[in-house]
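Tertiary structure, described
The primary structure of each chain is shown beneath.
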Amino acid sequence: MRERITYFRPQDADMDPNQLEIHDTKVQGPAIEALKEHKITLTLPELPSELAGLLRDLEELHLRWATPASYNTLEPFSSRISPGLHVSYTPLKEDHDPEKLCTALQAFGRLDCSSPDVFINLSDGRQPGSPALFFYNELEKLDGFAKRLGPVVCSGPAAAECRKQLQDLKDAVSLDMSYDSTSESVKIQALWPLQKREISVPASPKGRTEVGILSRGAPPGMEAHEIGVSGVLAVIGETKEPSPALFAFAARHRAASGSFTSKFQQPTGLHPTLQLSLSTAAPPLDEDAECAPYAYLTLPKVIFADRYQLADELFLASKNLAAAKYVSEPVDLEAPAYTTKEWGSNVLLQLAPPKGKAAAKDWTVEVPLHLRYLKPSPTGKEEAGIPYPAVFWACGGEEDVGYAVSPFDRLNLGYDGLFSPGTTFWHVSPEPEAGDRLINNISVPVVTEGASQWVGVGTAVAVALGFIWVLMKLMGGYAKSGHDTVAKTAEDEGKKEK
Amino acid sequence: MSSSILSSLFRPAPLFSLAALLRLVLLLYGNWQDAHSAVKYTDIDYLVFTDAARYVSNGLSPYSRETYRYTPLLAWMLIPTAKPHLFSFGKVVFALADLLAGWLIVRVLRKQRGMSAERAGAFAAIWLWNPMVATISTRGSSEGLLGVLTMALLWAVEGKRVSVAGFILGLGVHFKIYPFIYAPAIIWWMDDEHLGKGVSKLPASFAGAVIKFLSPQRIQLTLISLSTFMGLNVLMYYIYGTPFLTHSYFHHVTRIDHRHNFSPYNIFLYLASADPSSSSLHAFLPQLLLSCLFIPFVIAKKDLATSMMAQTFAFVTFNKVCTSQYFLWYMIFLPLYLPGSSMLRVPRLGITALLLWVLGQAAWLQQGYQLEFLGDSTFFPGMWLASLAFFLINCWILGIVISDGAERNIQKVNMM
C-alpha cells in the first residue's frame, strides 16, 4: 500500500517550507489555499477478500465520480466528467454476470444495475484497450459510500483514523478507482477543491506515505506542451526535512480559457433543446494546432439524442454543431423510459465555433434532444436532472507523448477512448446555470395518475358506443336489404313500383 | 361557362398533367427547402427507407437501420436512392404510384361503373389533386404505394382477373398487413352473379351451400394470394432471417403505442404500458369484428368499393395506433364511394361530416401542440377527450358510409 497526498496551490501563493512540520507519524502545516489530491495504490491481497474475488473476474474496472456541485480547480487537475458515477469494466470471461459487481456498487447508494442489459457496450469506435461495458448513475454525494465502506476497510488500531479519512470523502469533488489485471493493483484517487485547508497528513498504517506541497513552476528545459511543477516533497518516516522538487511533464488534461453554461431552452416540450453557451471561441493553441471543441454528453435514459437527426449537415450547422462523432448503442428512438433497459446513452458532439472576428465573443450551441415517456405521476409532471456535459477542446498531438508518465494523469473518462492517444484535452470550466449545481433540471409531462380511473372506463364506454352505433347501422342496412345484391335489387324495384 | 372550363379540366390529359405538375412543384420545392433550411420537407420515414436502401445496396440487411419496419421490397425498390444524385428517386416512385392509383380510379369508374370521362375525372381529382395526398407522397411517405395496391386490387377483382387479384392481395398484405381485411370482402363478393355466371338456384342443403361457396375462383384467389404472401415471407425470411419477422410483423402486435396519436386507445395504452401486468390485446376485437366480418358481410356484395372503404375506415378508426398517414388508406376509396352517396345527395350532411372530421383533428392537434412543444401535461383530460371525440365523429361518419353501402345497388350507380 502506498499513499500520496498532494496539496496544489495557485501560482502566486507562497509558503515558507520551514512552516511544514514533518513528524514520524504525520505531516502538519499551516492553512493554505490549495486543492488536495489523495492517491492510494493497493495490491489485491491488501483488499478485503470479497472485493479481491470480485476483481479477479475482471480484466479492468474503472469507477469515476464527479460531484454535481460546482468547484474550482487548477491545472493539472483540470479534467472534467459529467457529474455522477461512471462505471466501466471489461470482464475476463464473456458470460460474466454483473450481479456481483452491482451488489458491490450498492456501497455508493441504490444503483439500478442488476440486469446485464443496463450496461452498454463500448466496443465500437474506441481505442484498443478501452473498457467493454459502461454504466452511469446519478450520485449526489459520497456520504453514504464513506459510511458503508468504514466497517469493510477500516480495522485494527488505525480504524478510527481510517474512518476519519473516509469521512473526508464527504467534501471530495471527484473520486477515481481503477483496477487492472496486468498490474493486479487498485488505484484510488480523490480530489478536494481549491479552498483554504490545513495541511495535515497522518502516516499510512501499512505503507509509504508521500506528501507534496506543490504549485506551478518552470523547470529549465521545459517544453511548450509541458506543465512545470515546483514545491517540496516529504515521505513520512523517511525524511526529516522537506526536499525541494522541480519537474515537468506532458499533461493529457489542460485548462482552456473561458467557461460554459448549459441550460434547457424554454419551453422544453417533449423535444427539449440543450443550450451550451461558451464564453469564447478562441482555441487554446495557435492556429497551426489541430484543435476542435467538443461536448461529451452523458444522458440518463429519460432523454436521448437521435443519431439520424444529427446526421444532416445543414441542420447541424444551424445549431453550431459540426458533427455527431459518436452516439452509444443501442438507443431506442421510441420506447418509454420504463421499458428501456440501458442506463442511457453517451454522445460526443463536435462543435462548430464561429470564425474570424466573432471568435473572441461568446457563442451558443444547441443540442436537440428528445424525452421518453415516463410513468404516470400524481401531478402530471416528473422532474429529471440531466448532468452537465464535459466540454473541451481536443488538440491532436503526436502518437506517443508519454502522458502516462505524468504523476497526475487521468484516463478512462469515457471520451478519451474516442480520440487518438496523443490528444490533449483542454477543458472548458463549467459554470452553473443558477445556484451551484452542474445539473440541468427538466420537467417531463406525464399522464396524471388519477387519470387511470377515468380512462379505463371512459375509453371502454366510448369504444362500446362507437362499436354499437356502427353495428346498429349495419343491422339497419341488413334488415332493409340483406347481404345480397339480388335480393336488394328485387326489393328496391318492388318498393319503387309502389 | 366556368363549369364547362372546370369540367374540361377533368378530361384525362389535363387531369393527370395537373396532378403530375402539383407533385413536381412540391418535389422541387421540397428539395429546395431541404437544401436551404434546417427544417426539412422530407419525411423522417423517407430517411429510414433510403438508409435501409443504402444498407441493401451494400449487401447488408435493411433491418440494420433502426425503426425500419417494412418489407425489404421497399428497400429494394429504393436502391437507386443510395446514389446521392438519385436521392429523390423514391419520392418520384411514390408520386407515380399516386398517379397510377388515380388512373385505376378513372378506369374503374369508367369501365366498371360506366361513368363519363369528365365525371370520372372529377371524382378521381379528389385523390389526384388532393394536396394532402400529394404532400404525403412527395415528402417520401410510402402510403401512396398502398393506394395503388388497394385500387389495383379492386380493379382486378371487379374486372374478374382472379389470379391478378390474388397476387396483388398477397403482395399488399406482405407490404403492410392491413389489406388482409379485404380478403373476406373479396371472397364474399365472388359469387356467381358477380363473376357473370348468371344466377343459379339456391342449393337445397347446407352441405350444398358450402360446396357451392367453395367455387374454383374462390379457391384460386385464396391459393394464389396465400402463396404470394407466404412465398414473399419465406423468401425474405430466407434472406434476412428473424429480424424480418420481428420488425415487419411481430413489432405491430407487441409494440407499446405510448406516444400520443389519434387512437381512442392511446392514453389507455400509455397507462397500461406503465403497468406490466396489464394486457391490451382485446382492443383488436371490435376492430377485427367490424372490418373483417360484419361490414364485408352486409356490404361487399352490394358495393365492393364502399365495403372496402368502410372496412378500412373501421380498421383505422378502431386501431390501437392512428396517425394522419393512415387516413390515406381510406381516402383512396372516396372517388368510388362518393358518387351517389348521401354525402353528395345531401350536401349539408357531407359538409358537416367533413367539418367535424377536420375539427376533431384540429382539437386533438391543439392538445398535441401543447404537450409536444409547450410541455403541458395535456394527456388527461384534454387529449384523451379529443381523441374520443374524434373517434366518435369517425364512428358517425362510418355509420353514414355503411348505410349508403348497405342500400347501394351498383347497377343503379352505373346509370348515373
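Just so we're clear, the structure is a prediction, and the values are computed from it rather than from any experiment.

Looking now at the overall build of chain B. The helix and strand inventory of chain B stands at 22 helices and zero strands. The C-alpha radius of gyration computed for chain B amounts to 22 Å, which stays within 12% of the reference 22 Å derived for 416 residues, consistent with globular compactness. Principal-axis analysis of the C-alpha atoms places the extent of chain B at approximately 65 × 60 × 50 Å. Accessible surface for chain B amounts to roughly 17000 Å². Of this, 72% is attributable to carbon and sulfur atoms. The centroid of the 30 positive side-chain charges in chain B is displaced by 9 Å from the centroid of its 19 negative side-chain charges.

Bringing the domain arrangement of chain A into the picture now. All names here are of chain A. Structurally, chain A comprises domain 1 (2–250) and domain 2 (254–445). Once you take the C-alpha centre of each, domain 1 and domain 2 turn out to be 25 Å apart. On the side of domain 2, 45 residues touch domain 1, which itself brings 49 residues to the contact. Considering only the side of domain 1, the residues that lose the most area to domain 2 are Arg80, Ile120 and Arg126, jointly responsible for 16% of the buried surface there. There are three salt bridges connecting domain 1 and domain 2.

Another aspect to go through is unusual backbone geometry. Residue and element names in this part refer to chain A. Here the residue pair Glu75 and Pro76 is connected by a cis peptide bond, since its omega of 5° sits within 30 degrees of zero. As for its placement among the helices and strands, Pro76 is situated in the loop between strand 4 (58–66) and strand 5 (84–91). The residue Asn412 is not glycine, and still its phi comes out positive at about 60°. Residue placement: Asn412 occurs in the loop between strand 22 (390–395) and strand 23 (424–430).

Turning our attention to the confidence of the model for chain B. Confidence in the prediction for chain B averages 90 pLDDT; 94% of positions are at 70 or higher. Counting contacts from residues 411–416 of chain B, a segment whose pLDDT is below 50, to residues more than four positions away or on other chains yields 11 contacts.

This paragraph deals with the nonpolar core. Leu276 of chain A together with Tyr68, Leu153 and Phe327 of chain B are the most contacted members of the largest nonpolar core, which has 185 residues in total. By residue number, the principal contributor to this core is helix 21 (residues 379–407) of chain B, which donates 16 residues. Every residue in contact with Leu153 of chain B, bar those within four places of it in the chain, is listed here: Ala165, Ile168, Leu169, Tyr182, Ile186 and Met308 of chain B.

On to the UniProt feature "transmembrane region" (unreviewed entry) in chain B. All names here are of chain B. Mapped onto this numbering, the UniProt entry annotates "transmembrane region" (unreviewed entry) at residues 86–106, 221–240, 281–300, 346–364 and 384–406. With 100% helix and 0% strand, the stretch residues 221–240 has end C-alpha atoms that lie 28 Å from each other. Taken as a whole, residues 384–406 contains 100% helix and 0% strand, while its terminal C-alpha atoms sit 32 Å from one another.

Cut-off values and rules
- Note that residues are indexed from 1 along each chain, following the sequence as it is written.
- Lettering for chains starts from A, numbering for ligands starts from 1, and both go in the order in which the items are written.
- Given that the model is predicted, a residue must reach a pLDDT of at least 70 before its local features are reported, and side-chain atom pairs must reach 80 or more before they are shown or counted; all residues, however, enter totals for whole chains, interfaces and linings.
- Think of the side-chain values as coming from all heavy atoms in the structure, minus any hydrogens and water.
- Runs of E in the DSSP output that reach at least two residues are strands. Runs of H or I that reach at least four are helices, and both are numbered from the N terminus.
- Two things to know: the radius of gyration comes from C-alpha atoms, and the globule rule equals 2.2 Å times the number of residues to the power 0.38.
- All accessible areas in this document rest on Shrake-Rupley with a 1.4 Å probe, and a residue is counted as covered only by the protein chains that are shown.
- Counted charges follow a simple rule, with Lys and Arg positive, Asp and Glu negative, and His plus the chain ends left uncounted.
- Lys charges are placed at NZ, Arg charges at CZ, Asp charges at CG and Glu charges at CD.
- For the domains described, the bounds stem from an automatic or database domain assignment.
- Whether two residues are in contact is decided by their heavy atoms: any pair within 4.5 Å suffices.
- Here the quantity called buried area is the accessible surface, traced with a 1.4 Å probe, that two parts lose on coming together, added over both.
- Salt bridge, as used here, is a side-chain nitrogen of Lys or Arg placed within 4 Å of a carboxyl oxygen of Asp or Glu.
- Scored from 0 to 100, pLDDT reflects the predictor's confidence in each residue.
- Residue types Ala, Val, Leu, Ile, Met, Phe, Trp, Tyr and Cys, when buried and joined through side-chain atoms within 4.5 Å, form a set referred to as a nonpolar core.
- Burial here depends on accessible area, computed with a 1.4 Å probe over protein chains only, as a share of the maximum for the residue type. Under 20% is buried, over 50% is exposed, and the range in between is partly exposed.
- UniProt positions are given in the numbering used here, feature names are shortened, and annotations may be inferred rather than shown by experiment.

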